[in-house]
Amino acid sequence: MCGIAGLVAPSLASVDLKATINAIEQSIFHRGPDSGGVWVDIEDGVALAHRRLAIVDLSDAGAQPMESHSGRYQLTYNGEIYNHLEIRRRLEDERNVPQWRGHSDTETLLAAVDAWGFELALKRCFGMFAIALWDKKLKTLTLARDRMGEKPLYYGRVGSGLAFASELKAIRCVPEFDGKLNQTAVADFLRFSYIPDPLSIYEGIHKLKPGHFVVLSAAGEMSVGEPTSYFDLQAAEGIDSAQIASNALDENIQYLKGILNKVVNDQMLSDVPLGAFLSGGIDSSLITAVMQANTSEKVKTFSIGFSGSRFDESPHALAVARYLRTDHTEFHVGDGDALALVGDLPFIFDEPFADSSQLPTILLSRLTRKHVTVAMSGDGGDELFGGYNRYVLGPKVWKRAERLPGFARRSLGFGSAIAQRLMTGGMGDRWSILASRAKLPVTTVDRLGKFGDAVANADDFEKFYRNIVSTWRDPYRLLRTGGGHQRCSHRKSPMLDMSARAEWMMEEDIKGYLPGDILVKVDRSAMSVALETRAPFLDPRIVWFSQCLPFDQKIGAGGGKLILRTMLNRYFPEELLERPKQGFSVPMDEWLRSGLKDWGGDLINRADELSQGIFDGRVADNLWQRHQSKRVNGGAELWTVLMYLNWADAQLTND
């Protein structure tokens with residue numbers, strides 16, 4: 001796990017090129033504190049930078065930027081190729097490689113490119129990565145991102161040249177960078193709480209989409225090609241898709257167990273201490289159980305909880321850790337810990353980002369990094385195997401709602417508003433007690449309210465889904481600029497079949513929410529303290545397996561993730577895991593009325609100034625006042641506003 005960056009800028013004088021790449025390399029020091037390196041070709045105006053967090057092959061033989069054995073390619077690369085030993089053996093069998101210099105996956109990747117060409121090498125590599133490959137012969141820079149988007153990669157034109165980096169702060173080091181705001185990205189950020197690929201907060205700077213590569217040519221007139229996909233979600237390579245589709249549940253559990261054991265074993269390869277994030281939920285518990293079953297040593301596990309909050313799930317994590325006999329560490333946070341962290345968020349995320357679970361994720365990463373250098377997570381299980389409530393309830397709710405006339409659907413919005421008002425008016429504590437007794441999530445009323453509001457403001461299933469996943473359903477209520485932009489779906493939604501609708505929602509989340517929110521949160525939080533995270537569920541073999549799995553083995557009578565829940569019962573007593581899915585929720589409504597109130601109120605008061613007129617400060621202030629008086633729970637919407645203003649304040653300060 002590392003940080004990469006570079007530029008192609010033939011017009012820059014040699015002294016400026018060297019000074020710029022050195023500044024770029026230092027800007028991402030936190031991603032790789034073990035060592036750093038730069039490579040500069042003055043003649044072609046190319047410079048590559050690398051910061052190294054040494055995980056496999058700690059010697060200098062793994063240092064980057066690295067030259068291929070042929071001498072044709074120069075590589076800077078961030079990530080891990082988990083099957084690189086298998087690739088080495090294949091190359092050796094084909095006699096396509098000279099004597100190895102070390103045992104790093106970087107050298108393996110370069111040898112594969114030398115032997116098979118870039119695209120084929122890419123397809124044969126299973127892992128997480130962001131890659132930049134300079135071809136000295138063709139004068140091209142090829143950028144690639146892993147299939148699921150675990151590792152970030154920004155790129156674009158900066159002045160007369162081209163730049164790329166793991167994080168935006170590196171691109172801001174380029175002298176000609178102008179930092180013009182992308183208005184569409186601001187609207188999408190308010191809607192989704194993150195900026196979806198391929199946008200970034202800056203005009204002209206893009207995020208490379210997961211599973212894509214792009215070629216930047218410096219031969220003759222500089223050009224940027226169209227990104228090309230190398231990964232098909234439905235391709236099911238290397239697994240028997242027909243068998244999986246026809247298997248009974250028990251047979252597919254055995255099939256998945258075999259894949260998961262291999263993937264976890266591959267990802268446990270490390271020359272540094274390794275542990276696991278453990279929330280006590282299905283996904284992280286399953287990954288931890290497989291890890292513990294494959295080692296004689298106690299797995300180090302880490303969890304976080306919220307002191308005195310109805311959202312605290314740390315007791316569940318502790319119960320799982322005790323059952324598995326892991327070496328467990330937990331950390332409890334409150335609004336004071338969150339307040340101490342808010343000033344760091346603009347630096348950590350570089351652009352506005354407002355998934356409030358970023359706060360505990362950063363704190364958990366800091367705690368974990370004191371003990372290990374690599375942490376495994378259960379990320380991806382929900383999207384692949386139907387874990388979110390929207391997959392279970394959404395198609396059912398819409399099937400009934402679409403039969404209603406428009407005025408009847410709109411009335412559901414009024415009902416949800418009344419329920420929300422009751423919850424903020426004193427019934428919240430009572431509901432927490434009832435929900436616990438009934439084994440329901442404490443957020444059930446909030447979720448039902450959102451479903452009602454989503455139905456009331458939709459005239460088809462795609463809009464219903466978009467409303468469910470939106471924070472600000474209509475961001476132009478707050479924005480003074482433009483209006484009406486809507487992000488297009490990745491694929492047209494099915495019209496009738498309920499299971500197909502649920503599968504469509506999962507695919508939308510796999511291509512949007514997962515890389516745009518979940519993986520951004522985990523990467524930036526962990527890499528801010530040089531902690532590598534690995535997500536076994538995102539291995540392409542498990543991804544392909546999930547796409548072949550019969551729908552009724554994902555979502556059954558008991559809810560989502562049927563196959564994972566059933567598989568987990570082979571490791572744990574059923575009563576240990578019988579609890580509602582809560583998610584990594586944060587008591588933001590409470591925090592904005594207590595420890596974060598003064599900080600948030602100050603930013604809201606400066607909304608017009610900090611947004612440079614983009615926001616309508618009156619709308620933000622009205623929501624703030626209604627939230628403080630408990631007429632609404634506006635924590636999620638307010639957090640997006642505050643995260644933008646916090647970021648803008650940091651930009652003005654740095655300028």
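The model shown is predicted, which means the values in this text are computed figures rather than measured ones.

1. Some remarks on the overall build of the protein chain
- Broken down by element type, the protein chain carries 28 helices and 18 strands.
- Counting the 655 residues in the protein chain, one finds 60% classified as buried.
- Sequence separation of at least 24 residues holds for 72% of the intrachain contacts in the protein chain that already meet a minimum separation of 6.
- Summed over all atoms, the accessible surface of the protein chain reaches about 25,200 Å², with 50% contributed by carbon and sulfur.

2. A closer look at the confidence of the model for the protein chain
- A residue-level look at the protein chain finds 89% of positions with pLDDT of 70 or above and a mean pLDDT of 89.
- Overall, residues 430-440 carries pLDDT values under 50, and its contacts beyond four positions in sequence, including any with other chains, amount to 14 contacts.

3. Quick word on helix 3 (residues 105-116)
- The first and last C-alpha atoms of helix 3 sit 16 Å apart over 12 residues, in line with the 16 Å expected at 1.5 Å per residue.
- Across the 12 residues that make up helix 3, a large majority, 10, are buried.
- When we look at burial in helix 3, the residues that qualify are Asp-105, Thr-106, Glu-107, Thr-108, Leu-109, Leu-110, Ala-111, Ala-112, Val-113 and Trp-116.
- In the core, the buried residues of helix 3 are packed alongside strand 4 (66-67), strand 5 (73-81), helix 2 (84-93), helix 4 (118-124) and strand 6 (127-135).
- Directly after helix 3, the chain includes Gly-117, whose backbone phi takes a positive value near 90 degrees.

4. Topic: unusual backbone geometry
- The residue after Gln-64, namely Pro-65, is reached through a cis peptide bond having omega -5 degrees.
- Looking at the element boundaries, Pro-65 is found in the loop between strand 3 (46-52) and strand 4.
- Phi is positive for Ala-530, which is not a glycine, with a value near 55 degrees.
- Within the element layout of this structure, Ala-530 appears in the loop between helix 20 (513-527) and strand 18 (532-534).
- The buried category is assigned to Ala-530, whose relative accessible area is 4%.

5. Considerations on a positive patch on the surface
- A cluster of basic side chains, namely Lys-396, Lys-399, Arg-400 and Arg-403, defines a positive patch on the protein surface.
- Along the polypeptide, Lys-399 turns up in helix 15 (residues 389-401).
- For Lys-399, a relative accessible area of 34% gives the class partly exposed.

6. Describing the sheet that holds strand 17 (residues 374-376)
- Spatially, the five strands line up as an open sheet ordered 16-15-14-17-18, and their pairing is parallel. The outermost strands of the open sheet, each flanked by one partner alone, are strand 16 (327-333) and strand 18. For this sheet, the mean inter-axis angle between neighbouring strands, taken without regard to orientation, is 30 degrees.
- Of the strands in this sheet, strand 14 (274-277), strand 15 (300-306) and strand 17 are in contact with helix 9 (residues 282-293), which crosses strand 14 at around 155 degrees.

7. Remarks on the nonpolar core
- By size, the foremost hydrophobic cluster in this structure holds 180 residues, and its most contacted members are Phe-385, Phe-615, Trp-639 and Tyr-644.
- Sorting elements by how many residues they give to this core places helix 28 (residues 635-654) first, with nine residues.

8. Some details on the packing of aromatic side chains
- Applying the stated rule across the entire model yields 19 aromatic pairs.
- With 6.3 Å between their ring centres and 50 degrees between their planes, Tyr-202 and Trp-647 make a pair best called tilted. In this pair, Tyr-202 is assigned in the loop between helix 6 (183-192) and strand 10 (205-207) and Trp-647 in helix 28, connecting sequence segments 445 residues apart. Neither residue differs from the other here; Tyr-202 and Trp-647 are each classed as buried.
- For the ring pair Phe-231 and Trp-544, a centre distance of 5.7 Å and an interplane angle of 45 degrees mean the geometry is tilted.

9. Focus on the packing of helix 18 (residues 461-468) against helix 19 (residues 498-511)
- Interhelical geometry of helix 18 versus helix 19 gives an angle of 50 degrees and a closest axis separation of 12 Å. For the element pair helix 18 / helix 19, the angle class is oblique. The crossing of helix 18 and helix 19 is right-handed. For the pair helix 18 and helix 19, contact is made by Phe-461, Glu-462 and Tyr-465 and by Arg-501, Trp-504, Met-505, Glu-508 and Asp-509, respectively.
- Split into classes, the residues belonging to the contact of helix 18 with helix 19 amount to four nonpolar, no polar and four charged.

10. Some remarks on the environment of Glu-94
- In this structure, Glu-94 sits in the loop between helix 2 and helix 3.
- Taking relative accessible area as the criterion, Glu-94 reaches 34% and is therefore assigned partly exposed.
- Along the primary structure Glu-94 and Ala-115 are separated by 21 residues, whereas in three dimensions their C-alpha atoms are 9.3 Å apart.
- In terms of polar contacts, Glu-94 uses its side chain to reach the side chain of Trp-116, at 2.9 Å.

11. Focus on the sheet that holds strand 9 (residues 161-165)
- What the six strands build is an open sheet, ordered 2-3-1-9-8-10; its pairing is antiparallel. Where the open sheet ends on each side, the last strands, each with one partner, are strand 2 (35-41) and strand 10. Neighbour-to-neighbour, the strand axes of the sheet open up by a mean angle of 10 degrees, direction not taken into account.
- Inspection of the sheet shows strand 8 (residues 154-158) paired to strand 9 by five bridges, in the antiparallel sense. In the strand pairing of strand 9, Tyr-154 is matched with Ala-165.
- Contacting strand 1 (2-8), strand 2 and strand 3, helix 1 (residues 14-27) crosses the sheet at an angle of about 25 degrees to strand 3.

12. Thoughts on empty space enclosed by the protein
- Across all of its chains, the model carries eight cavities of 30 Å³ or more by this definition.
- For the second largest cavity, the calculated volume is near 80 Å³.
- Counting residues per element, the lining of the second largest cavity draws most heavily on helix 20, which supplies three residues.
- Its residues assigned to classes, the lining of the second largest cavity shows four nonpolar, two polar and five charged.

13. Observations regarding helix 9
- For helix 9, spanning 12 residues, the distance from its first C-alpha to its last is 16 Å, which sits close to the expected 16 Å at 1.5 Å a residue.
- Taking burial as the measure, the 12 residues of helix 9 include 10 buried ones, the bulk of the element.
- Buried within helix 9 are the following residues: Asp-283, Ser-284, Ser-285, Leu-286, Ile-287, Thr-288, Ala-289, Val-290, Met-291 and Gln-292.

Scoring rules and cut-offs
Residues numbered from 1 in each chain as written. Predicted model: local features only at pLDDT ≥ 70, side-chain atom pairs only at ≥ 80, totals over all residues. Heavy atoms only, no water. Helix = DSSP H or I, 4+ residues; strand = E, 2+ residues; numbered from the N terminus. Buried < 20%, exposed > 50% of the residue type's maximum accessible area, 1.4 Å probe, protein only. Contact = heavy atoms within 4.5 Å. Areas by Shrake-Rupley, 256 points an atom, 1.4 Å probe, with all protein chains shown as cover. pLDDT = per-residue confidence, 0-100. Expected span 1.5 Å × (residues − 1). Patch = residues over 30% accessible without salt bridge, like charges linked within 9 Å, V, L, I, M, F, W, Y side chains within 5 Å. Salt bridge = Lys/Arg side-chain N within 4 Å of Asp/Glu carboxyl O. Lys, Arg positive; Asp, Glu negative; His and termini not counted. Charge placed at Lys NZ, Arg CZ, Asp CG, Glu CD. Pairing = 2+ DSSP bridges. Axes fitted to C-alpha atoms, helices over the stretch in contact; angles between N-to-C directions. Core = buried A, V, L, I, M, F, W, Y, C linked by side-chain atoms within 4.5 Å. Phe/Tyr/Trp six-rings, centres within 6.5 Å; stacked < 30°, edge-to-face > 60°. Parallel < 35°, antiparallel > 145°, perpendicular 65-115°, else oblique. Left-handed = near helix turned anticlockwise from the far one by under 90°. Nonpolar A, V, L, I, M, F, W, Y, C, P; charged D, E, K, R; others polar. Polar contact = N/O pair within 3.5 Å; in protein donor to acceptor, adjacent residues only side chain to side chain. 1 Å grid on protein atoms, 1.4 Å probe; cavity = no way out; pocket = protein on both sides within 12 Å on 5 of 7 lines; lining within 4 Å. Points joined across faces, edges and corners; volume = space filled by probe spheres on them.

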